[in-house]
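Residues per chain are reported as follows:
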Amino acid sequence: DDAPSKTNGTIHYYKSPLPEWILQQCLDLFERNMGDMYKKSEWGLDMEEKRGELLHEDARFLIIILEDDTADNDAADADDNEIATAAADSSTDDIIKNTISPK
């Protein structure tokens, strides 16, 4: 079973620019999930262009940082966290944090 062992997390809202460690994980995730499809398309894969899109002043993000159930977790340590992103169109400048857990 390749289900993640991490089940609790925190949702963070960011406006561009993202912290560098999050930006890099977003780019890595995009390339892993979408890279082959983009490479086969007529527009190709241009990670510098994608970086520019993520750094656009109007870009907004919901970042979910999943935490280990068995250990304390430092959100600033990118190696110990997994992130997922979704575009958000909210205009608030504050980071909103909400604890989530599965039912």
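We now turn to the structure provided with this report. (Residues numbered from 1 in each chain as written. Predicted model: local features only at pLDDT ≥ 70, side-chain atom pairs only at ≥ 80, totals over all residues. Heavy atoms only, no water.)

## Some words on the packing of aromatic side chains
Thinking step 1. Taken as a whole and judged by the stated rule, the model has two aromatic pairs.
Thinking step 2. Residues Phe-30 and Tyr-38 carry aromatic rings whose centres are separated by 5.0 Å and whose planes lie at 75 degrees to one another, so their mutual orientation is edge-to-face. Neither Phe-30 nor Tyr-38 differs from the other in exposure class; each is buried.
Thinking step 3. An aromatic cluster is built from Phe-30, Tyr-38 and Trp-43, whose rings are joined through pairwise contacts.
Thinking step 4. The ring of Phe-30 is capped by Lys-50, whose NZ or CZ atom sits 4.5 Å from the centre of that ring. (Phe/Tyr/Trp six-rings, centres within 6.5 Å; stacked < 30°, edge-to-face > 60°. Buried < 20%, exposed > 50% of the residue type's maximum accessible area, 1.4 Å probe, protein only. Lys NZ or Arg CZ within 6 Å of the ring centre and 35° of its normal.)

## Things to note about the pattern of salt bridges
Thinking step 1. Summed over all chains, the structure comprises two salt bridges.
Thinking step 2. One salt bridge in this structure joins Arg-51 and Glu-20, with 3.5 Å as the shortest N-O distance. With Arg-51 in helix H2 (residues 47–55) and Glu-20 in helix H1 (residues 20–40), the pair connects residues that are 31 residues apart, well separated along the chain.
Thinking step 3. Of the residues examined, Arg-51 reaches a relative accessible area of 19% and is grouped as buried.
Thinking step 4. One salt bridge in this structure joins Glu-53 and Lys-50, with 2.6 Å as the shortest N-O distance. (Salt bridge = Lys/Arg side-chain N within 4 Å of Asp/Glu carboxyl O. Helix = DSSP H or I, 4+ residues; strand = E, 2+ residues; numbered from the N terminus.)

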